[in-house]
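Examination of the molecular architecture
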Amino acid sequence: YPSWGKVFWNEMILTAFFVSVILTAKYLNGAKDLFMNGLVIGLTLFTVICIGGGLSGGCYNPAVGLVQPLF
């Protein structure tokens, strides 16, 4: 089993990357092209799960990632 530290940092870094892509798509593209926003966000989520899903289970929700240190 992987150590808790590896899982935590994997979750934190990939969640931050995923959220930054979501915010970039929202603020740079806005509502101009909703299909492209959805495609970019979906492909990013797919990529993040492929990269770190085997280590942490693939739960890249910011709320889950921020609560992990408490429990």
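In case you missed it, the structure is sitting above this.
Residues numbered from 1 in each chain as written. Predicted model: local features only at pLDDT ≥ 70, side-chain atom pairs only at ≥ 80, totals over all residues. Heavy atoms only, no water.

Looking at the overall build of the protein
A tally of helices and strands in the protein yields three helices and zero strands. Listed N to C, the secondary structure of the protein is α-α-α in terms of helices and strands. Look at the contacts in the protein between residues 6 or more apart in sequence, and 72% of them connect residues 24 or more apart. Total accessible area computed for the protein in this model is approximately 5,000 Å², and 75% of it derives from carbon and sulfur atoms. (Helix = DSSP H or I, 4+ residues; strand = E, 2+ residues; numbered from the N terminus. Contact = heavy atoms within 4.5 Å. Areas by Shrake-Rupley, 256 points an atom, 1.4 Å probe, with all protein chains shown as cover.)

A look at helix α2 (residues 34-56)
Turn by turn, an α-helix covers 3.6 residues, leaving residues three or four places apart pointing in a common direction. Approximately 45° is the largest bend angle found in α2, and it occurs at C50. On the buried face of α2, the contacting elements are α1 (4-29). Just downstream of α2, G57 is the residue with a positive phi angle, here 95°. (Bend = angle between axes of the 7 residues up to and from the residue.)

Interpretation note: all reported values are geometric properties and have no functional meaning in isolation.
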